[in-house]
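Architecture at a glance
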Amino acid sequence: MRETSDTSNGPPGIRESRFSRIFEECYEHVLAYSIRRTNSKEDAEDVAGHVFELLWQKLDSLAPDAELLPWLYAVARRRLANLRRRQLTKDLHQGELRFRTELNPGSHLNIETQDEIRHILLAMERLSDQDRELLRLLAWEGLKHAQIGEAFGISVNAVAIRIHRARGRLRDHLQTEETSAEVGND
Amino acid sequence: MISDKQLDDLIARTNPILTVPKVTADKKLSICESILASARNPELMPDDHIRLHRSVRLSVENRIGILDIDDGKANVLTMDVIHAINQALQICELDSEITVIAIIGRPEILSAGLDRNLFFGDDGRVSETLNALGHLIIRLYGSKLRIVTACTGHAIAAGALLLLASDLRIGKSGSFQIGMNEAAIGVTLPDWALALAKHRLTKQANQLTLSTGQLYQVVDAINAGFLDKVTNENIRQVALDEADLLSALDLEVYREAALSARKKCLAEMKQHIALSQSENHD
């Protein structure tokens, strides 16, 4: 999502209108991105709010033709990671470690499909945070390689290589999941 | 084999919400106004870090867990501070995104060590604190992650032990004292600390530390084995730049090489602490 006209780095009124326009275009996308990763509307709203507060601070350093959505996703990703760490801190304070399992998003689907989704969720959980996020940006957010590169601060080539490797690792994990499910069914 | 397309379709099916949520124009306007109101006032801006203690905070940037220690005074390592640093290490080690931990002191002091008054009080509390410190130092030295420590000024006694347990130690140039002065102030170093000093310090520095409690000026602290580099630039930035370089290196290689070289020393340290704890129980 690129800005439609050049109103950057101007007087306060123009700065505000630039901010409002970006907010108008991107807020719901950032909110959706955050809900997908927190399963909590309150946390997602907190993340989205933080993202746009940071946008206000950094507005003058962002080029008028910059691809903004990947940048906003990158800020949201860091904020979400900190929310997870805060939760971990609370758990440590309580003397227990609870490992979060993802809400099953396919609860309205039939059992066979739910099983399939459970398999892929388990395999995804075994990926590193970075691999998982790369694949989700592609499949959930529908970003192109160049946009993912913007979000991670890496080249398009590097994105292609990392996605290729992440898919390879996911295939391996899926294979393992299937094998253990078969053993379990025997 | 599942094709890329099939794989992407499968991942897409795990998406908990398929459509972008609609927010009404009124609600959007009110959210936008409230963000602008707090954004215009930097004091209201949320600070994106985790505070584990009033003087210990953890933030994460570019795969680096940044642990700032600042009590506004001498950065004394109390039991609470030791516990908070331990927690920060645990959080970083559980986080697959973090590959390096940077420990950063406050201006002009990394740490003056344990509270000196502790040694004039209850013996039980002394050994409890020393054992907790020992566990922390072992955790640092045996961490699966690389540790970079910014020695922002003085590092005395337990403060110097933080340096000995780190992978890369950067000192701020200036008239600062670094070392373990226990022998000079009549405090006996615990055996686990002796084992670490023997492993990290030069033979001469180790002898001087044990017999005289010698403190070193920053440049001499490199030769003794307390520091690796000295900078007169912004030490926080230098430490984070170094941490950034380290974050690109292979962690498995580090775990295999560095940790294996420390294995014997770590085992010896653990043994000393176990012995000290069992003596306390007797």
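Residues numbered from 1 in each chain as written. Chains lettered and ligands numbered in written order. Predicted model: local features only at pLDDT ≥ 70, side-chain atom pairs only at ≥ 80, totals over all residues. Heavy atoms only, no water.

Some remarks on the pattern of salt bridges
Residue and element names in this part refer to chain B. This model, assessed by the stated rule, comprises 23 salt bridges over all chains. Across the salt bridge formed by D68 and R236, the nearest N and O atoms sit 2.5 Å from each other. Residue D68 is found in strand 3 (residues 64-69), and its partner R236 is found in helix 10 (residues 235-247); the two are separated by 168 residues along the sequence. By relative accessible area, D68 is classed as buried at 10%. The closest approach of N and O atoms between D167 and R262, which form a salt bridge, is 2.6 Å. With D167 in the loop between helix 5 (158-164) and strand 8 (168-172) and R262 in helix 11 (residues 251-281), the pair connects residues that are 95 residues apart, well separated along the chain. (Salt bridge = Lys/Arg side-chain N within 4 Å of Asp/Glu carboxyl O. Helix = DSSP H or I, 4+ residues; strand = E, 2+ residues; numbered from the N terminus. Buried < 20%, exposed > 50% of the residue type's maximum accessible area, 1.4 Å probe, protein only.)

Re the sheet that holds strand 8 of chain B
Residues and elements named next belong to chain B. Judged by pairing direction, the sheet is mixed, and its seven strands sit side by side in the order 1-2-3-4-6-8-11 without closing on themselves. Of all strands in the sheet, those bounded by a partner on one side alone are strand 1 (50-53) and strand 11 (229-231). Averaged over all adjacent pairs, the angle separating strand axes in this sheet is 20°, with direction ignored. Direction of pairing for strand 8 relative to strand 11: parallel, over a ladder of three bridges. Bridging from a neighbouring strand, K172 pairs with T231 of strand 11. Across the sheet, helix 3 (residues 79-94) lies against strand 1, strand 2 (56-61), strand 3, strand 4 (100-104) and strand 6 (146-151), angled at about 145° from strand 1, the strand it touches most. Sheet strands in contact with helix 10 are strand 3, strand 4, strand 6, strand 8 and strand 11, and its direction is about 160° off that of strand 8. (Pairing = 2+ DSSP bridges. Axes fitted to C-alpha atoms, helices over the stretch in contact; angles between N-to-C directions. Contact = heavy atoms within 4.5 Å.)

As for the pairing of strand 8 of chain B
All names here are of chain B. Most of strand 8 sits inside the fold, with four of its five residues counted as buried. With four bridges connecting them, strand 6 and strand 8 associate as parallel partners. Bridge pairing links T149 to R169 in strand 8.

Thoughts on helix 3 of chain B
Given a rise of 1.5 Å per residue, 16 residues ought to cover 22 Å, and the 23 Å separating the end C-alpha atoms of helix 3 of chain B matches this to within 8%. Buried residues of helix 3 of chain B: V81(B), I82(B), A84(B), I85(B), N86(B), Q87(B), A88(B), L89(B), I91(B), C92(B) and E93(B), and no others. (Expected span 1.5 Å × (residues − 1).)

Quick word on the interface of chain A and chain B
In this assembly, 50 residues from chain A lie in contact with 45 residues from chain B. When chain A packs against chain B, close to 4700 Å² is buried across both sides, 62% of that on carbon and sulfur atoms. Contact with chain B buries area across many residues of chain A, yet E28(A), R85(A) and R171(A) alone supply 15% of it, more than any other trio. Between the two partners, chain A and chain B, sit seven salt bridges. (Buried area = accessible area lost by both parts, 1.4 Å probe.)

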